[in-house]
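# Examination of the molecular architecture
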Amino acid sequence: MRVGVVTFPGTLDDRDAARAVEYAGAEPVSLWHGSDDLKHVDAVILPGGFSYGDYLRCGAISAKAPIMKSIIIAAEHGFPVLGICNGFQVLAEAHLLPGALTRNADMHFLCTDQRLRIENNETAWTNGFTGGQEIVIPMKNAEGNFNCDDATLDLLESEGRIIARYVGANPNGSRAAIAGITNKRGNVVGLMPHPEHAIDLLTGPSKDGLTFFTSLLNSMVK
Amino acid sequence: MGKIVVEVMLKPEILDPQGQAVGNALPRLGFTFATSVRQGKRFEIEVTGEPTPSMLADVERAAEEFLANTVIESFVVKVEK
């Protein structure tokens with residue numbers, strides 16, 4: 001199984017994402033923002049970083065990159081896509097996910113090991129978790145404050161599309177303590193914290209993050 | 001040479017911590033006039049000749065699709081002399 005990892009100018013976490021794909025037992029394939037070629041991958045990860053220097057709005061310029069045109073078409077047909085941190089911002093700007101990520105309520109750049117509760121374990125990227133499972137993975141962002149209007153929040157809640165929430169004090173002001181959401185079909189997932197940094201105890205606070213990547217493999221063999 | 005200006009502001013219901021931080025700093029500097037500050041963006045777009053209605057329609061579309069994120073922001077397009 002081949003999993004694409006997109007590099008935009010200013011992406012930071014593409015190597016860790018590729019490493020997580022390898023740990024999960026799949027083959028990582030580098031994809032370049034300036035090409036529309038998905039290289040016959042079975043799924044795509046949009047990793048974290050500061051693509052295009054966060055110019056205009058986080059993820060706004062990346063959302064219009066040539067690779068995103070192909071990803072948007074594929075995602076609409078059920079192709080699995082995971083956006084982590086800046087990748088989540090790109091998915092929101094590309095309208096593959098609703099809402100927007102805005103400046104953290106207290107203005108601080110957060111860098112912490114964050115406790116999350118998995119709220120939806122039926123997506124392509126979360127099916128290896130048990131419902132309500134609590135995990136700890138790193139989080140590092142300045143624009144992680146999830147915002148949407150009341151109607152969108154009601155829809156996300158009623159359709160079970162909130163995949164993870166922050167446990168304990170709300171770290172960044174996100175509505176309903178949302179850490180991650182999915183689209184209606186469950187193939188596109190955006191998550192603010194970083195599972196790819198929590199796959200090995202040598203380099204992360206836990207191995208909890210690996211389950212996002214092994215979940216993808218489960219969903220593909222089903 | 002004409003100039004088209006697009007001004008983008010966070011919608012009133014969206015928290016603007018940057019504007020708040022600026023608003024909190026003003027009184028520390030002795031400026032006591034502000035009851036609230038919100039921060040936005042301004043794009044100055046230069047075009048050849050006087051802006052035409054079709055050009056303005058294109059700018060409107062660019063603002064809607066790209067310059068602003070209408071989930072959280074509103075915008076106005078104006079022609080500047």
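## So, the overall build of chain A
Within chain A, the secondary structure is distributed over five helices and eleven strands. For 222 residues, the compact-globule estimate of 2.2 N^0.38 gives 17 Å, and chain A sits close to it at 15 Å. Taking the principal axes of its C-alpha atoms as reference, chain A extends roughly 40 × 35 × 35 Å. Taking all 222 residues of chain A together, 58% fall into the buried category. For chain A, long-range pairs separated by at least 24 residues make up 75% of all intrachain contacts whose partners lie at least 6 apart in sequence.

## A few points about the sheet that holds strand β9 (residues 162-166) of chain A
All names here are of chain A. In spatial order, the strands read β2-β1-β3-β4-β11-β10-β9-β6-β7; together these nine strands make up an open sheet with mixed pairing. With partners counted over all chains shown, the strands left at the sheet margins are β2 (27-32) and β7 (134-141), one partner each. Between one strand axis and the next, the sheet turns through 25° on average, direction left out of account. Strands in contact with helix α1 (residues 14-24) are β1 (2-7), β2, β3 (43-46) and β4 (81-84); relative to β1, the strand with the most contacts, it is inclined by about 175°.

## Considering the packing of α1 of chain A against helix α5 (residues 210-221) of chain A
Residues and elements named next belong to chain A. Their axes nearest at 9 Å, the elements α1 and α5 cross at an angle of 60°. Taken together, the axes of α1 and α5 are oblique relative to one another. Every pair of crossing elements has a handedness; the one defined by α1 and α5 is right-handed. Residues A20, V21, Y23 and A24 of α1 form the contact with α5, whose own contacting residues are L210, F213, T214 and L217.

## Things to note about the nonpolar core
In this structure, V21, V44, V81 and L91 of chain A are the most contacted members of the largest nonpolar core, which totals 73 residues. With sequence-adjacent residues up to four places away left out, V44 of chain A is seen in contact with G4, V6, L31, I71 and V81 of chain A. Counting six residues, the second largest nonpolar core, distinct from the first, contains V8, V59, A63 and A68 of chain B.

## Quick notes on the environment of S174 of chain A
All names here are of chain A. Within the fold, S174 resides in the loop between β9 and β10 (178-182). Considered as a pair, S174 and E143 are 31 residues apart in the sequence and their alpha carbons are 10.0 Å apart. With residues up to four places along the chain from it excluded, the contact list for S174 reads G144, N145, F146 and Y166.

## A few points about unusual backbone geometry
Note: most peptide bonds trans; most residues except glycine with negative phi. All names here are of chain A. Unlike most non-glycine residues, Y52 shows phi in positive territory, near 50°. Assignment of secondary structure puts Y52 in the loop between β3 and α2 (66-76). One non-glycine residue with positive phi stands out, namely A177, at about 55°. Among the structural elements, A177 can be located in the loop between β9 and β10. A count of 20 C-beta atoms within 10 Å places A177 in the buried class.

## Examining the sheet that holds strand β3 (residues 73-80) of chain B
All names here are of chain B. Pairing within the open sheet is antiparallel, and its three strands lie in the order β2-β1-β3. Two strands in the sheet have a free side with no partner beyond their single neighbour: β2 (40-47) and β3. The average undirected angle you get between the axes of adjacent strands in this sheet is 20°.

## A look at α1 of chain A
All names here are of chain A. If you check which residues of α1 are buried, you get D14, D16, A17, A18, A20, V21 and A24. The inward-facing, buried residues of α1 abut β1, β2, β3, β4 and α5. Backbone geometry just after α1 places G25 at a positive phi near 105°.

What counts, and at which threshold
Residues numbered from 1 in each chain as written. Chains lettered and ligands numbered in written order. Predicted model: local features only at pLDDT ≥ 70, side-chain atom pairs only at ≥ 80, totals over all residues. Helix = DSSP H or I, 4+ residues; strand = E, 2+ residues; numbered from the N terminus. Rg over C-alpha atoms; globule rule 2.2 N^0.38 Å. Buried ≥ 20, exposed ≤ 12 C-beta atoms within 10 Å, placed from the backbone. Contact = placed C-beta atoms within 7 Å. Pairing = 2+ DSSP bridges. Axes fitted to C-alpha atoms, helices over the stretch in contact; angles between N-to-C directions. Parallel < 35°, antiparallel > 145°, perpendicular 65-115°, else oblique. Left-handed = near helix turned anticlockwise from the far one by under 90°. Core = buried A, V, L, I, M, F, W, Y, C linked by C-beta atoms within 7 Å.

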